[in-house]
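# Remarks on the overall topology
One letter stands for each residue in the lines below.
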2 protein chains.
Amino acid sequence: RLILYRHLTDTLTADCNAVLKALQPIFQEQGMTETVHNWEDHGYLATYVKKNGSFANLRIHPHGLVLVDLQSYNDHMKGREEVDQLLNKVEERMKELFHGNIKRVKRLPAILRGGVIDRYWPTADGRLVEYDIDEVVYDEDSPFQNIKILHSKQFGNILILSGDVNLAESDLAYTQAIMGSGKEDYTGKEVLILGGGDGGILYEIVKLKPKMVTMVEISFDKQLIIQLSSSCKYMRKTCGDVLDNLKGECYQVLIEDCIPVLKRYAKEGRMFDYVINDLTAVPISTSPEEDSTWEFLRLILDLSMKVLKQDGKYFTQGNCINLTDALTLYEEQLSRLYCPVEFSKETVCVPSYMELYP
Amino acid sequence: RLILYRHLTDTLTADCNAVLKALQPIFQEQGMTETVHNWEDHGYLATYVKKNGSFANLRIHPHGLVLVDLQSYNDHMKGREEVDQLLNKVEERMKELFHGNIKRVKRLPAILRGGVIDRYWPTADGRLVEYDIDEVVYDEDSPFQNIKILHSKQFGNILILSGDVNLAESDLAYTQAIMGSGKEDYTGKEVLILGGGDGGILYEIVKLKPKMVTMVEISFDKQLIIQLSSSCKYMRKTCGDVLDNLKGECYQVLIEDCIPVLKRYAKEGRMFDYVINDLTAVPISTSPEEDSTWEFLRLILDLSMKVLKQDGKYFTQGNCINLTDALTLYEEQLSRLYCPVEFSKETVCVPSYMELYP
């Protein structure tokens, strides 16, 4: 439940035994049972077990790194105080032992595991991030993915698809960016949205009096429409009531794989002023064409260009700005399209993503 | 070095012994030495020690939570692969044992400890956040605080004062917000900046041709000016060259505690169009008036109002939006000022803060 650590980098190699001797009493006072493992060349591991089911690991490295990890089952503040007192003692004792000559001391916040609420949703580039989740609003499996809606105190409800943070109520910035950052006039325009299951783009564009918006979202099915509209109940700030019905005055939602739809439109010569690709980063289509994610992306791009008017525009999301290879690869795809395209990119801060997204 | 875990929530209470028996071989195959602790009523803790100095904790709780924590010293990808293989085995074995009836399985990214680079800088509301730090650019103690400049791939250089993320090169949004979000005309105006050590506000306002900007920053001293200007070398995007000199055509930087300065100005009747309070969230002044942080804040507010023209404006930062008590308390201070004030607030997304700031 709780992890934290101490660094001690002494100019000399630390005397592991002296450290162990100095810290042992602190844990023994707690009535903890000790087990010590001694490596000839890797220092000590002391494990302290308490009657209430909690335990501590004290790892002493010969080069001077000392790590203390505590794990306890129940989360009562009292436990926290005890832990802080214990760690304060460890800190004092170490400072005495090395006459304050300790290079770095650091405690990490507790990591909560096994609770109803999972607060840890790593970023796209794999960094550990704890969200201020205080409620599981919705959690269901669709045939395509797991759909979670978790409530964050600061971001509002967050839509998490198969473990990836997809959109939060705080993230109008994302929707605005993928719509062209307010620089586009959608009035009377024909718009095609690929994906966009959260309804944010549809909701924002419909406000702008377009001629017709067609949204093609595969990840709906009968059961999912119910799920989605119920989940949209929880994302009102994002999608309003636009997904309560699959048809509106100036919009329709097709529950289909976008690839056959794009091919049909291309065949029919149906053209759009705007194509907005909001498919989830990793495509969830099951169409045979998708022999690889990148093939799929290029296919989508090619087909989109076919249904795009001469002066039409194509908007899509990139990915975490740190995934430079992926982004470069993506831009390479653009040069491999059947028709030449101009493109520009913009980076935005999407509050709930905790990373910058081009 | 690496932490991750498994959840297994069986409808029945898990048979701890069965789980232990099922998982033991996986660790034994690794040539790890096992120590098992058995609580009558709290399940098992099995510790596995490897010759190379790494070890694993397997914690089996009777209500069905199983946690696996691995800690190893060296960070070579090979180690990572080994870990993943081991965890895959644990996962398979568990699924066999419970016929796939496992409620949740989750791995967390590795937590890196004891390295030269510390990637973990918790948010103001105490959540664990890993930054994409790839370089320690600058790290010095001033008489008032520790000044770190760490480079983040996505945020650029980040200024960290005494462990608190203060500002990153990506955070123009913060500077713009505390300047009134572009709605203010600073041309020919008298501006007073309290704090603002990173130089961002000064740099942005000076561009707007004010009459005179006075910045009062206590946390400079002779030695620190060198530090700061050298640190500003690393924050060029934020402060340009504005702090290379303490005097410019339309600005001056006073290296003083702002309280006596404010009192002096109030006495002299020196008035300003704008007072921007950018003092670090926890005041670092040592003036006797500061018998408490809140007293100090109110004192600053009172004195600021005294030097503010009739139609003048006072801008300041709030704090993490989750610290609602603090924010409410702050607003209470506003009602306790010697003169009535109107106030409004705005919340912005400061990229590097990873939380919303009013």
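Residues numbered from 1 in each chain as written. Chains lettered and ligands numbered in written order. Predicted model: local features only at pLDDT ≥ 70, side-chain atom pairs only at ≥ 80, totals over all residues. Heavy atoms only, no water.

## Quick notes on the overall build of chain A
Secondary structure summary: chain A contains nine helices and 19 strands in total. Here chain A holds 358 residues, and 55% of them are scored as buried. Residue pairs in contact within chain A that sit at least 24 positions apart in sequence constitute 60% of those at least 6 positions apart. Here chain A has roughly 15,800 Å² of accessible surface; of this, 52% comes from carbon and sulfur atoms. (Helix = DSSP H or I, 4+ residues; strand = E, 2+ residues; numbered from the N terminus. Buried < 20%, exposed > 50% of the residue type's maximum accessible area, 1.4 Å probe, protein only. Contact = heavy atoms within 4.5 Å. Areas by Shrake-Rupley, 256 points an atom, 1.4 Å probe, with all protein chains shown as cover.)

## A closer look at the relation of the copies chain B and chain A
By a simple turn and slide, chain B fits onto chain A: the slide is 0.0 Å along the axis, the RMSD is 0.1 Å, and the turn is 180°. The transformation relating the two chain copies, once decomposed into turn and shift, fits a two-fold axis. Of all interface residues in chain B, 100% are interface residues in chain A too; the two copies therefore contact each other through one and the same surface. (Least-squares fit on C-alpha atoms with pLDDT ≥ 70 in both.)

## Overview of the environment of Ile255 of chain B
On the secondary structure map, Ile255 of chain B appears in the loop between β15 (251-254) and α7 (258-268). For Ile255 of chain B and Ser152 of chain B, which are 103 residues apart along the polypeptide, the C-alpha to C-alpha distance reads 30 Å.

## Structural notes on the sheet that holds strand β13 (residues 212-216) of chain B
Pairing is mixed in the open sheet, where six strands are placed in the order β14-β15-β13-β12-β16-β17 (chain B). With partners counted over all chains shown, the strands left at the sheet margins are β14 (247-248) and β17 (308-316) of chain B, one partner each. (Pairing = 2+ DSSP bridges.)

## Focus: the UniProt feature "active site" (unreviewed entry) in chain A
All names here are of chain A. Under the UniProt annotation, the feature "active site" (unreviewed entry) is placed at Asp278. If you trace the backbone, Asp278 turns up in strand β16 (residues 272-278). Given a relative accessible area of 7%, Asp278 falls into the buried group. (UniProt positions renumbered as here; feature names shortened; annotations may be inferred.)

## A few points about the packing of aromatic side chains
Enumeration according to the criterion identifies ten aromatic pairs over all chains in this entry. Between Tyr265 of chain A and Phe272 of chain A the ring centres are 5.5 Å apart and the planes differ by 45°, which places this aromatic pair in the tilted class. Note on Phe272 of chain A: relative accessible area 0%, which makes it buried. Ring centres of Tyr131 of chain B and Phe155 of chain B lie 6.3 Å apart, and the angle between their planes is 65°; on these two criteria the pair is classed as edge-to-face. Separated by 24 residues along the polypeptide, Tyr131 of chain B in the loop between β7 (105-106) and β8 (133-141) and Phe155 of chain B in the loop between β9 (146-152) and β10 (156-161) bring together distant segments of the chain. Judged by its relative accessible area of 2%, Phe155 of chain B falls in the buried class. Members of the aromatic cluster, each reached through a chain of ring pairs, are Tyr186, Tyr274 and Phe315 of chain A. The positively charged end of Lys106 of chain A is found above the aromatic ring belonging to Trp121 of chain B, 3.7 Å away from the centroid. (Phe/Tyr/Trp six-rings, centres within 6.5 Å; stacked < 30°, edge-to-face > 60°. Lys NZ or Arg CZ within 6 Å of the ring centre and 35° of its normal.)

## A word on the pairing of strand β4 (residues 43-49) of chain A
Remark: a regular strand shows side chains that alternate across the two faces of the sheet. Residues and elements named next belong to chain A. Taken across its seven residues, β4 has seven buried, putting it largely inside the fold. Of the pairings in the sheet, the one linking strand β3 (residues 33-39) to β4 comprises seven bridges and is antiparallel in character. When the bridges of β4 are listed, Thr33 appears paired with Val49. Relative to strand β5 (residues 55-60), β4 runs antiparallel, the two being bridged by six bridges. If you follow Thr47 over to β5, its bridge partner there is Asn57. From the end of β4 to the start of β5, which pair antiparallel, there are five residues, and Gly53 there has a positive phi angle of about 95°.

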